[in-house]
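# Architecture at a glance
One-letter residues, chain by chain:
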Amino acid sequence: MKGTVHYAKKTSKDGKTVALLTMDNPPVNPLSAGVRAGLDEHTKAALADAAVSAIVVNGANGAFCAGADISEFSGGMKGPSLLDVIAALEASPKPVVAAIDGVSLGGGLEVALGCHWRLASSRAMAGLPEVNLGLLPGAGGTQRVPRLVGVEGAIDFLCSGAPLPAAAAAKAGIYDSVVEGDAGAFLQSAIDFAASKAGSDLAGRRLSASQAKAADPAVVEKKAKQFGMARAGEIAPQAIIRCILAATDRDFAAGMKVESTEFAALMKGDQSKALQYMFFAERECSKIPGLKEKPGPLNIAGIVGAGLMGGGIAMCCAEAGMEVVLMDISQDALDKGMAVIKKNYARSVERGSKKQAAVDKILARIKPSTKYDDFAQCDLVIEAVFENMKIKKEIFAEFDRVCKPGCILASNTSGLDIDEIASATKRPEDVIGCHFFSPANVMKLLENVRGSKSSARTIATAMAFGKKIKKITCLVGNCPGFVANRVMGVSGAQELLQNGTMPESIDAAAEEFGMRMGPFRMNDLVGIDLFGRERARSGKAMPDKIIADAMFAAGRYGQKVGKGFYKYDEKRRMSKDPEADQMIHKIWETNGVKPRQLSKEEIVQALYFPVINEGFKCLEEGIAIRPSDIDVCLVFGYNWPRFRGGPMQYATSVGLKAVLEGLPKLGVEPSNLLKLCVEKGWNLNSKELAQHTAAKSKL
């Protein structure tokens, strides 16, 4: 069995014998079968030993315990249940103290809650993050926490899923006290404390024996709405609240039945499967098969373009501790860019998310410049200007001239050919795409785009760069739009609109599916002119037949002008616009299209089945390493609902056969790889699919 628990007898400063149970399961002591079995075995041993006066539970590897071993969820759990282990600790007639040094998360914190006292070092963290996996704490957390900190505090703690540092956890009442000192001194303090409690009446220290106080229903309703909005579409937060309320009106055993029922329902549902899938997908996407090269240095970054994108990238780099040269050929643009950066940080200070002293250090790392020569010592340079190949190639020729050997030459292009950009240099092996999403200082995704000549060192350095600036980083292939933009670019929104479905129906279906904003509300936010102007300039626009072109021709650019597919008041509040509706109906009439009412399911399939299909094409062409990489790109680049797991996981939930059969009805030719998967009975986790895509991979 994976993991173990070490058993030792320690002596307190007053000479008492204390049993020390140390969980050991690197790197952060998850509660694998071996750990649970060890806790069970050694708790019994300590209770049977008359010489032992108290018990201390702690963790090795600089952590207490980071919770359940998620890998056991799919394969079934062996050995004693965590519920029984915790119950035995709590029922102990000898005092049990949790000595928490490092993280205590999920089931790890539930173990601590079963102990009679919780001592923490100043390095400790407390959290119940199960909501992030579409679950709830299933080992008594929903019942013990409200008994300890109250209903309102329990709702905030469990529904946010955010860990608390030691001082905040103690203030909330989760930890009993925080002890300063190194690991050895802290552990001795816990041993001495446990010994001091020998012979104490423990009845009042067993949380299962107490009752949570009822909360004001208005407060509970407000919290339910708060987390309903913060985690729109997710079902776990409301299940957690129901469990917490059960702690107020029934005994512990009855409350645990509610917790067990709610946990089982979540565990069987698609949301928890998708969220657990995303947990692993995020960690998998940074792994590049066969890449052994070590990255180059990442101390100094140069950025061309002081606009919103370049400024956002500069902020990311400076916050990661890199020195930054922010360059623009226009002094005026440079001044404006620096002003925007300073304004962003001023807001952070005002909100309290950053201290002024920290901001001053960050800003001191950003050096404005109008000269390419200032890039001479950079380890990495990033071009972040608008999408014009001629200008980008001119910039890369300058990079080639001034940058030192081994400097990584990166483009932030959102879809142009990396190989053509690289052709402007004499060192295409140093060139790679580093595609950020706007705003770069907020959006978590970084697509690193491999050119045909990008070296292993260049790829390794670009991946290390993403990690350094705390981005979710995926390596993708070189094709128009790469992965995220390419895949979402085939969404069926415009086809639905052109063929008789109103924007508000499409948006409502998309938002109920889990998108933060429907496609036409998003168009209005981003600006219809963003693509409309280029279509008009290139002569592709057909305002008499294409609704989006008609909106642009009529000056309906979206929120910025108060009208687009919808109209907006001075506070940008949206409402239907009869004028826009009239334009839509007029073009339908011109095109011989009749209005139609589709179900939300039909709209969602029309929107996203083409997206799934394009994802299969990316795999087929070797543009993505694995299906989960596509999902990571969509979740973090396009805010695809995390609880759906991205388009490829969504395809799994509806069935690949259903997608294959649905595409022709939408006028979309299915990918050859999708056909093959259905024909062979492969799912997206199939070994055969992995082997097939690996053989085609260009990465």
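Before any of the text, the structure's been laid out above.
Here is a short report on the structure shown in this document. Being a predicted model, the structure only gives us computed values, none of them experimental.

Within the largest apolar cluster, 93 residues are counted, with the highest numbers of intra-cluster contacts made by Phe375, Phe399, Tyr608, Phe616, Ile630 and Trp640. The dominant element in this core, judged by the number of residues it contributes, is helix α26 (residues 600-620), at eleven residues. In this view, Ile630 contacts Val483, Val487, Gly615, Cys618, Leu619, Ala624, Pro647 and Met648; residues no more than four positions away in its chain are not counted. Residues Val57, Cys65, Ile70 and Tyr175 belong to the second largest nonpolar core, which totals 60 residues.

What follows concerns the sheet that holds strand β2 (residues 17-24). If you walk across this open sheet you meet the six strands as β1-β2-β3-β4-β6-β9, and the pairing is mixed. Two strands in the sheet have a free side with no partner beyond their single neighbour: β1 (4-11) and β9 (177-179). Strand-to-strand twist across the sheet, computed as the mean angle between neighbouring axes with direction ignored, equals 25 degrees. Across three bridges, the pairing between strand β6 (residues 117-121) and β9 is parallel. In the sheet register, Leu119 faces β9, and the bridge partner there is Ser177.

Right, let's talk about the pattern of salt bridges for a bit. Counted by the stated rule, this structure contains 40 salt bridges. Measuring nitrogen to oxygen at the nearest pair gives 2.8 Å for the salt bridge that ties Arg242 to Glu262. With a gap of 20 residues between them, Arg242 in helix α10 (residues 236-249) and Glu262 in helix α11 (residues 252-268) connect regions that are remote in the sequence. Take Glu262: its relative accessible area is 16%, and that puts it in the buried class.

Consecutive side chains along a regular strand alternate between the two faces of the sheet. Of all six residues that make up strand β16 (residues 445-450), five are buried, and the element is covered over most of its length. Relative to β16, strand β15 (residues 431-436) is paired through four bridges, and the arrangement is antiparallel. For Gly433, the partnering residue across the bridge sits in β16 and is Val449. Considered for its hand, the β-α-β crossover made up of β16, helix α18 (residues 456-468) and strand β17 (residues 472-477) is right-handed.

Summarising the element assignment, Met322 is placed in the loop between α13 (308-319) and β11 (323-327). Each C-alpha atom of the pair Met322 and Lys468 lies 9.3 Å from the other, and the pair is 146 residues apart in sequence. Setting aside residues no more than four positions away along its own chain, Met322 makes contact with Leu298, Asn299, Ile300, Ala301, Cys317, Arg365, Phe465 and Lys468.

A few words now on the sheet that holds β15. The strand order β12-β11-β10-β13-β14-β15-β16-β17 describes an open sheet built from eight strands, whose pairing is mixed. Whereas interior strands pair on both sides, the edge strands pair on one side only; in this sheet they are β12 (366-369) and β17. Averaged over all adjacent pairs, the angle separating strand axes in this sheet is 25 degrees, with direction ignored.

Our next topic: helix α8 (residues 183-196). Across its 14 residues, α8 extends 20 Å between first and last C-alpha, which sits within 8% of the 20 Å expected from 1.5 Å per residue. Those residues of α8 that fall on the buried side of the exposure criterion are Phe186, Ala190, Ile191, Asp192, Ala194 and Ala195. Turning to α8, the residues buried within the fold contact β1, β2, β3 (52-59), β4 (96-100), β6 and β9. Here α8 starts with a cap whose side-chain oxygen sits 3.3 Å from the backbone nitrogen of Gly184, and that cap is Asp182.

Our focus in this paragraph is the side chain of Thr248. For Thr248, the position within the fold is in helix α10. A distance of 2.6 Å separates a polar atom in the side chain of Thr248 from the backbone oxygen of Leu245. When residues no more than four places from it in sequence are discounted, the contact partners of Thr248 are Val151, Gln211, Ala212, Lys213 and Ala214.

As a further point, take the environment of Asp507. Within the element layout of this structure, Asp507 appears in helix α21 (residues 503-513). With 48 residues separating them along the chain, Asp507 and Ile459 place their C-alpha atoms 39 Å apart. Apart from residues lying up to four places away in sequence, Asp507 is in contact with Gly518, Pro519, Phe520, Arg521 and Tyr566. Looking at Asp507, its side chain comes within polar contact range of the main-chain nitrogen of Phe520, at 2.9 Å.

What counts as what
Residues numbered from 1 in each chain as written. Predicted model: local features only at pLDDT ≥ 70, side-chain atom pairs only at ≥ 80, totals over all residues. Heavy atoms only, no water. Core = buried A, V, L, I, M, F, W, Y, C linked by side-chain atoms within 4.5 Å. Buried < 20%, exposed > 50% of the residue type's maximum accessible area, 1.4 Å probe, protein only. Helix = DSSP H or I, 4+ residues; strand = E, 2+ residues; numbered from the N terminus. Contact = heavy atoms within 4.5 Å. Pairing = 2+ DSSP bridges. Axes fitted to C-alpha atoms, helices over the stretch in contact; angles between N-to-C directions. Salt bridge = Lys/Arg side-chain N within 4 Å of Asp/Glu carboxyl O. Right-handed = clockwise from strand over helix to strand, strands pointing away. Expected span 1.5 Å × (residues − 1). Polar contact = N/O pair within 3.5 Å; in protein donor to acceptor, adjacent residues only side chain to side chain.

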